[in-house]
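# Observations on chain architecture
Next come the chains, spelled out residue by residue.
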Amino acid sequence: MKLRPFHVDDAMDCWRLFRDTVHRVNCRDYSLEQLNAWAPDTVDLERWAQRFQGRVAVVVESDARLIGFADMSHDGHLDRLFVSADHQRRGVAKLMWLELLRQVERLGIRTVSIEASITAKPFFESVGFRVIECQQVESRGVILTNYRMEWQRVGTKNAE
């Protein structure tokens with residue numbers, strides 16, 4: 001596995017991975033209607049790619065194929081962290097999280113927040129996030145459940 005920074009030409013591969021992962025992995029926790037609202041058949045690729053700009057964004061490759069991606073704002077909002085359905089439970093998410101932690105330290109961020117899916121919640125709990133609240137969010141007119149979660153740096157002068 002090779003971790004590297006996101007490049008704009010990765011956008012389509014990230015979209016494909018996102019859509020495929022949502023439909024193949026998150027299907028155990030969400031209905032088909034919810035999956036289609038969250039990850040529809042089509043995307044405005046330019047808008048999708050713009051969401052990576054000005055963020056800490058990384059991808060993981062294996063055998064020259066993109067198998068994971070993550071992006072986080074400079075104020076600590078982890079927007080997306082997705083691993084290919086064919087590479088689940090192989091350390092890809094942990095690899096990206098450890099790189100994001102290095103960036104958290106570099107940027108002096110105290111708290112990282114995320115809206116985690118039902119499916120992703122156990123992973124984020126395993127790396128130290130705690131649930132702030134369970135919430136119902138709307139996507140394309142469909143309600144989905146997710147969890148607002150936070151990770152806080154501890155053991156430093158910046159921790160509360």
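Check the entry above for the structure.
In this report, we go over the structure that sits alongside the text. (Residues numbered from 1 in each chain as written. Predicted model: local features only at pLDDT ≥ 70, side-chain atom pairs only at ≥ 80, totals over all residues. Heavy atoms only, no water.)

### So, the layout of surface pockets
A volume near 1,200 Å³ is recorded for the largest pocket. Around the largest pocket sit 46 residues that line it, and Phe18, Trp38, Leu81, Phe82 and Ser117 are the ones nearest its centre. Contributions of two or more residues to the lining of the largest pocket are made by helix H1 (11–24), helix H3 (45–50), strand S4 (78–83), helix H4 (92–107), strand S5 (111–117), helix H5 (121–126), strand S6 (130–139) and strand S7 (142–152). It is S4 that provides the largest number of residues to the lining of the largest pocket, a total of six residues. For the lining of the largest pocket, a count of residues per class yields 22 nonpolar, twelve polar and twelve charged. Roughly 170 Å³ of internal volume is contained in the second largest pocket. Lining the second largest pocket are Asp13, Arg16, Leu17, Asp20, Thr21, Arg24, Arg65, Leu66, Ser84, Ala85 and Asp86. In terms of residue count, H1 provides more of the lining of the second largest pocket than any other element does, six residues in total. (1 Å grid on protein atoms, 1.4 Å probe; cavity = no way out; pocket = protein on both sides within 12 Å on 5 of 7 lines; lining within 4 Å. Points joined across faces, edges and corners; volume = space filled by probe spheres on them. Helix = DSSP H or I, 4+ residues; strand = E, 2+ residues; numbered from the N terminus. Nonpolar A, V, L, I, M, F, W, Y, C, P; charged D, E, K, R; others polar.)

### Here's the deal with H1
Spacing of three or four residues puts side chains on the same side of an α-helix, whose turn is 3.6 residues. Between the first and last C-alpha of H1 there are 20 Å, a value that for 14 residues agrees with the 20 Å anticipated at 1.5 Å per step. Buried residues of H1: Ala11, Cys14, Trp15, Leu17, Phe18, Arg19, Thr21, Val22 and His23, and no others. Tucked inside the fold, the buried residues of H1 contact helix H2 (32–38), H3, strand S2 (56–62), strand S3 (65–72) and S4. (Expected span 1.5 Å × (residues − 1). Buried < 20%, exposed > 50% of the residue type's maximum accessible area, 1.4 Å probe, protein only. Contact = heavy atoms within 4.5 Å.)

### Details of the packing of aromatic side chains
Overall, the coordinates contain 14 aromatic pairs when judged by the stated rule. When the centroid spacing of 5.2 Å and the interplanar angle of 75 degrees are considered together, the rings of phenylalanine 124 and phenylalanine 129 count as edge-to-face. For phenylalanine 124, a relative accessible area of 2% puts it in the buried group. Members of the aromatic cluster, connected to one another through ring pairs, are Phe6, Trp15, Phe18, Trp48, Phe52, Phe69 and Phe82. In this arrangement the basic side chain of arginine 80 is found over the ring face of tryptophan 48, its NZ or CZ atom lying 4.5 Å from the centre. (Phe/Tyr/Trp six-rings, centres within 6.5 Å; stacked < 30°, edge-to-face > 60°. Lys NZ or Arg CZ within 6 Å of the ring centre and 35° of its normal.)

### Comments concerning the side chain of serine 73
Structurally, the position occupied by serine 73 is in the loop between S3 and S4. Here aspartate 75 takes part through its side chain, which lies 2.3 Å from a polar atom of the side chain of serine 73. Beyond its immediate sequence surroundings of up to four residues, serine 73 is in contact with Arg55 and Ile109. (Polar contact = N/O pair within 3.5 Å; in protein donor to acceptor, adjacent residues only side chain to side chain.)

### Section: the sheet that holds S5
Strand order in the open sheet formed by three strands is S5-S7-S6, and the pairing between neighbours is antiparallel. With partners counted over all chains shown, the strands left at the sheet margins are S5 and S6, one partner each. Strand-to-strand twist of the sheet, defined as the mean angle between neighbouring strand axes without regard to direction, takes the value 30 degrees. As judged from the nine bridges shared by S6 and S7, these two strands associate in the antiparallel manner. The partner of valine 131 across the bridge, within S7, is methionine 149. (Pairing = 2+ DSSP bridges. Axes fitted to C-alpha atoms, helices over the stretch in contact; angles between N-to-C directions.)

### As for the sheet that holds S3
Ordered by their spatial adjacency, four strands build an open sheet running S1-S2-S3-S4, and the pairing between neighbours is antiparallel. Only two strands of the sheet have a single partner each, and these edge strands are strand S1 (2–5) and S4. Strand-to-strand twist of the sheet, defined as the mean angle between neighbouring strand axes without regard to direction, takes the value 20 degrees. Taken together, the five bridges between S3 and S4 define a ladder with antiparallel strand orientation. Following the sheet pairing, aspartate 71 is matched in S4 by arginine 80. Relative to the sheet, H1 contacts S2, S3 and S4, its axis offset from that of S3 by approximately 90 degrees.

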